[in-house]
Amino acid sequence: MPTNFTVVPVKDGTRKAKEGNEQNDVLKEEEEDTTTGDGVPKENSPFINNTDDKGNSYDGTNMALFEEEMDSNPMVSSFLSKLANYTNLSQGAQEHEEADDDEGPKKKAVKSPQMGTFMGVYLPCLQNILGVILFLRLTWIVGTAGILESLAIVGLCCSCTMLTAISMSAIATNGVVPAGGSYYMISRSLGPEFGGAVGLCFYLGTTFAGSMYILGTIEILLTYMVPKAAIFVADKKEDELDALLNNMRVYGTCCLALMAVVVFVGVKYVNKLALVFLACVILSILAIYAGVIKTIFDPPYFPVCMLGNRTLKNHQFDKCNKTEVIDNMTVTTQLWSLFCDGSHLNATCNEYFASNNVTELQGIPGLTSGVISENMWSTYGPLGMLVEKSNLPSLEGGDPTQDIYMPYVVNDITTFFTLLVGIYFPSVTGIMAGSNRSGDLRDAQKSIPIGTILAITTTSVIYITSVVLFGACIEGVLLRDKYGDSVKGNLVIGTLSWPSPWVIVIGSFFSCCGAGLQSLTGAPRLLQAIARDGIVPFLQVFGHGKANGEPTWALLLTAGICEIGILIASLDAVAPILSMFFLMCYLFVNLACAVQTLLRTPNWRPRFKYYHWALSFLGMSLCLAIMFISSWYYAIVAMVIAGCIYKYIEYRGAEKEWGDGIRGLSLNAARYALNRLEDAPPHTKNWRPQLLVLLNVDSDQAVKHPRLLSFTTQLKAGKGLTIVGNVLQGTYLTKEAEAKKAEQNIKAAMSAERTKGFCHVVVSSNLRDGVSHLIQSAGLGGMKHNTVLMAWPGAWKQSNDPQSWRNFIETIRETTAAHQALLVAKNVDSFPTNQDRLGEGTIDVWWVVHDGGLLMLLPFLLRQHKVWRKCKMRIFTVAQMDDNSIQMKKDLQMFLYHLRLDAEVEVVEMHDNDISAFTYEKTLMMEQRSQMLKQMHLSRTEREREAQLIHDRNTASHATINDKVDAEPEQVHMTWTKDKLLTERNRNRECNANVAVRDLFNMKPEWESLNQTNVRRMHTAVKLNEVVVNKSQGAHLVLLNMPGPPRNRGGDENYMEFLEVLLEGLNRVLLVRGGGREVITIYS
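All residue numbers here refer to positions counted from 1 along the written sequence of the relevant chain. This being a predicted model, a pLDDT of at least 70 is required before a residue's local features are given, and a value of 80 or more before pairs of side-chain atoms are given or counted; all residues contribute to the totals for chains, interfaces and linings. Water and hydrogen atoms were dropped before computing side-chain values, which therefore reflect all heavy atoms in the structure.

Turning to the overall build of the chain, a few remarks are in order. Numbering of helices and strands runs from the N terminus; a helix is a DSSP stretch of H or I covering at least four residues, while a strand is a stretch of E covering at least two. Scanning the chain from terminus to terminus reveals 36 helices and 15 strands. A fraction of 81% describes how many contacts in the chain between residues 6 or more apart in sequence connect residues 24 or more apart. Computed with the Shrake-Rupley method and a 1.4 Å probe, the accessible areas treat only the protein chains shown as cover for residues. When the accessible surface of the chain is split by element, carbon and sulfur atoms take 57% of a total near 52,200 Å². Here, two residues are considered to be in contact whenever any of their heavy atoms come within 4.5 Å of each other.

Shown next as structure tokens:
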């Protein structure tokens, strides 16, 4: 329905020029560089968030309400202006002509694209599809496979390209397609990894197509135009093939060098000559149809000489007779001397030659001859098989091994159906020519589907009719004669043409030349487009070129790869190679269309409506089938190459966000998986630690403990969920920049430590709430963390703010309330990096209480990583007075056996329930310090001084008890083991017994006033620390049950003291608290 717009002018107040200048200055200052870190321009919408246009201002005060958002949300007038002025010209001849002609100071105005469907899409596709295979190999394919199987080959390949064209039309009409054609379509639909992989495959296919066209050019030149120009000439018949290949290599290399120079010097002339080359192709095809019509009433005379039922090469004789009568005398012919050892009648001749007659067949019997019935079926055979006509009489004789030395027409390669599919498929490639020129089209979204599909329909009709007409007009033995040796070296398809075979020879020669030049022109530009996208780092150099944009380096690489195909030298060997690469490209075009259609992406709105995901899947299946049908080993090689490129881009390439379909597919898969996970919690067999890593940053937002990320990597090995969380104190409006910087730094640290996961930075009014929010809300649905990993607050005693250790204890309480496991790494900066390889050593597990089996599971997971692989696992458990330690060890060994864990087991007995004087004293010191800090409202400085005084007094008292004269007064021993206390007592027992006993009794009233719960807890910490240090001081890692905080929050500081005593003297410690569920099972 037409829509009418009326533009009403609105008067605006005047503005001073100064204000306008100030606004322009502000706009200039706010312009940002639109390049990414790798120096590659970002892919921006040409309309929104584009700061290149200086005219993004607004005029007047009518829109003042929106002025602060004008940079990100332009006015509609500005938007429509950019939309109208947006052009998307491809890198074609137009650019190069402008660069060559633009010598004056004024730049030439860019012309708007004017090409229509016929000139812009239909003819280029026709030129690219029709080519060397049609002229040089189609007759041989028809003779070898028969008409029916040839129709099957043509139908299979044409169906594949038609389905691909439908998918390509849908993608090409879903928005503007810039230069780059198929590469652009695939990369923007399936992502940079697929795009880069398939783009490079398409580049290799185009490059090898150049090799094939050059080889076709040389084959026409040396076989049909000037055979005497051959440098290598075979003395023996069996050496003819090698001589031909060597000639192809030499002349092919020279031709490649010449074409590369032409492309380098004047690419615009190549594009201008394209129509001339296309005219040659069309004239040649018309000559073929004219020749077919002529055979109805006047077939051309091209006799084929047969010896028995065997076809003869007639290069070295003119008459198809053994003898002839001249002046009433019977004399031998040139043919006689080829099979006999002399020219006289009684010479010794080849037995088969002597036994069989020579007959002459009409090579082109004509459309009405009925030869079509003989050519209906296939005649495959091995290398060296003679080309024979089965309905001719033949008497076997002679030595078959000598046949290769006779002038028979033979198969130069082993033939079978799948080989012919691979050789024929390049003749249907070239369907991307229209989409590659999308920037030059007046209406690309209309022209590309119509022109491409019409071109494929036209060429399919040409191929199908050619198969039928060749089979109906040409004798079968001549069809199977690949090089026309039986008709004096004429091009077989040329024998059918009218008015002369030279029409086809010359036409096909120029056609192959033009196609080779087009390949050498297009392939470097495709490589340049990939290089400029920056997704493959090592290709960056090929994005540069001459001042006018010519891809010089890319042309050199293309010529080098093309030379590889020329050194192969055989057209039949090169054709399947490029078939693989083109099929890989077409496969992913179909996949891209199918994925976008099934995902129903909101942006998927093609103007071409005649597509369906089922057709795309059928096309994809056909591509895959043809790949393996034609050559399974080439197919595997092509897939391996594409896979390697994919993984390289994934791990090393620049990150690009193109809104591709694979991302949408990942989102759909993630949503489906999350919904499934939400149904029920994971079974114990599937449980693994899904980590929330609480990471701290310093004032510059740099990561404080990167080794925590290293440990995460070693524990996870890329499996499961990892969320790295950080909390900044403040409000999001004021801390947004710091939050983004912290997130970037954390992601950089994660990348450096190879930690695969997600980063989540939260800004909260206080750290306590921020950590609580992370614990509660990190993750999504069923994909939530079940374990929290954090570092031990090592400086909690020295901190002026008690909130640091209070936050730590509250975090422990919240993880317990949330039924999440907790891992606390002490001395985390001494943990090994990912590059370290720990030698023979142990991971010691101190299993004091059972809280789900996480202590057992963690060493097993760590030992999967190469850092910990050589470490052995030891499990210690503690036996009390009433426990049977022997039976405990047996039960633990059996339990580990059922868990399929290899570990040494040791039961440590802790029978001494007597509380030592040191324990009492340590508890007393702890309580006095705690009580002082709670009750005295002193300044921060005074509080530190008073605490130090109490600390010094207790230290001096402790030294008096043990009479430790050599101890310096400023040294503070936080813990005493039983061995230390006994040693000191025994050494000074006699001389100091009375003093010690008197002091102990003097302190007894203070001990009685202590909180007995604290005394017991301190006793546990001291005793357990004593045995752990004794057994595990040299271990690479100690895993220990983490005792829970007190229910009464008044004792939180005491809890920190208990943990300090427990961990004293140990290097790497991981405190573990279970999440309240079993995480390891003995069942399979």
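What follows deals with the sheet that holds strand E10 (residues 821–826). Strand pairing is defined by DSSP finding a minimum of two bridges between the two strands. Taken in spatial order, the ten strands of this open sheet run E8-E7-E6-E9-E10-E15-E14-E11-E12-E13, and their pairing is mixed. The open sheet has two free edges, formed respectively by strand E8 (758–764) and strand E13 (904–909), since each of these has just one partner strand. With strand direction ignored, the average angle separating the axes of adjacent strands in the sheet is 20°. One ladder, built from five bridges, connects E10 with strand E15 (residues 1069–1073); its direction is antiparallel. Bridge pairing in E15 places Leu823 opposite Val1072. Running at roughly 160° to strand E7 (residues 722–729), helix H27 (residues 767–777) makes contact with strand E6 (691–694), E7 and E8 of the sheet. To obtain each axis, a line is fitted to C-alpha atoms, and for helices this fit is confined to the stretch in contact; angles are then taken between N-to-C directions over 0 to 180 degrees.

Spatially, E2-E1-E5 is the arrangement adopted by the three strands of the open sheet, whose pairing is antiparallel. Among the strands making up the open sheet, the edge pair consists of strand E2 (310–311) and strand E5 (358–362). Note: strand E1 (residues 303–307) against E5, five bridges, orientation antiparallel. Counted as the bridge partner of Val304 is Leu361 from E5.

Accessible area is worked out with a 1.4 Å probe on protein chains only. A residue is then buried under 20% of its type maximum, exposed over 50%, and partly exposed in between. Taken together, the buried positions of H27 are occupied by Arg768, Gly770, Val771, Ser772, Leu774 and Ile775. As for H27, its buried residues are in contact with E6, E7, E8 and helix H28 (803–817). Among the residues of H27, the N-terminal cap falls to Asn766, whose side-chain oxygen and the backbone nitrogen of Arg768 are separated by 3.2 Å. For the purposes of these results, a polar contact is taken to be a pair of N or O atoms within 3.5 Å, where, inside protein, one atom must be able to donate a hydrogen and its partner to accept one; residues adjacent in sequence count only when each atom of the pair is a side-chain atom.

Working definition: a disulfide is two cysteine sulfur atoms within 2.5 Å of each other. Summed over the entire model, instances satisfying the criterion amount to two disulfides. Here Cys305 engages in a disulfide with Cys320; their sulfurs sit 2.0 Å apart. Residues Cys305 and Cys320 are joined through a disulfide that is right-handed, its torsion about the S-S bond being 80°. Within this pair, whereas Cys305 is found in strand E1, its partner Cys320 is found in the loop between E2 and strand E3 (323–326), the two being separated by 15 residues in sequence. Judged by relative accessible area, Cys320 falls into the buried class, the value being 10%. Paired by a disulfide, Cys340 and Cys349 hold their sulfur atoms 1.7 Å apart. The S-S bond linking Cys340 to Cys349 shows a torsion near 105°; that makes this disulfide right-handed. Residue class for Cys340 comes out buried when judged on its relative accessible area of 9%.

Aromatic rings from Phe, Tyr and Trp, taking only the six-membered ring of Trp, are treated as a pair when their centres fall within 6.5 Å; an angle between ring planes under 30 degrees marks them as stacked, one over 60 as edge-to-face, and anything in between as tilted. The final tally for this structure, using the stated rule, is 19 aromatic pairs. On the numbers, 5.8 Å between centres and 55° between planes, the contact of Phe339 with Tyr408 is tilted. Of the two residues, Phe339 sits in helix H12 (residues 334–339) while Tyr408 sits in the loop between E5 and helix H14 (417–424), which places them 69 residues apart along the sequence. Each member of the pair, Phe339 together with Tyr408, is buried. Each member of the aromatic cluster is reached from another via a ring pair, and the members are Phe202, Phe425, Phe582 and Tyr586.

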